[in-house]
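Results of the structural survey
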Amino acid sequence: SLRSNYLSGPLPLELRDMGHTSPVFISLAFNLLSGTLPADWAAPRPAAGGSVMTLSTLDLQTNSFTGTLPASWANLSISAPSPTTLVLSGNALA
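Fair warning: this is a prediction, and the values are worked out from it, not measured in the lab.

Conventions adopted
- Residues numbered from 1 in each chain as written.
- Predicted model: local features only at pLDDT ≥ 70, side-chain atom pairs only at ≥ 80, totals over all residues.
- Heavy atoms only, no water.
- Pairing = 2+ DSSP bridges.
- Helix = DSSP H or I, 4+ residues; strand = E, 2+ residues; numbered from the N terminus.
- Buried < 20%, exposed > 50% of the residue type's maximum accessible area, 1.4 Å probe, protein only.
- Contact = heavy atoms within 4.5 Å.

1. Let's talk about the sheet that holds strand 5 (residues 64–67)
The 4 strands lie next to each other as 1-3-5-7, forming an open sheet whose pairing is parallel. Across the chains shown, the open sheet's two edge strands, defined by having one partner strand only, are strand 1 (8–9) and strand 7 (92–93). The sheet contact formed by strand 3 (residues 32–36) and strand 5 spans 3 bridges and is parallel. Bridging from a neighbouring strand, Ser34 pairs with Ser64 of strand 5.

2. Remarks on the side chain of Gln61
Summarising the element assignment, Gln61 is placed in the loop between strand 4 (55–59) and strand 5. Take Gln61: its relative accessible area is 18%, and that puts it in the buried class. With residues near it in sequence (within four places) discarded, Gln61 still touches Arg3, Ala29, Phe30, Val87, Leu88, Ser89 and Asn91.

Put into structure tokens, the structure is as follows:
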């Protein structure tokens, strides 16, 4: 978890390329991240060994993201048996 670390700037694409294939929990909540949510961030990316990283939770609450949720985010990898939890509250998203 990278929660409450005063991280700033856009949502880092490198987090999608961490090399994990088991369901991953990512929390960047309560930071200073800003800008729009990048459409390509939610696109499936091969992890180590060529398999796709699967998210169990992506927590981006209470940052400074703006704009709208890109349509591609509807395709976030789903971990069986539970769907991905996406937390975006506390941002300025339309």
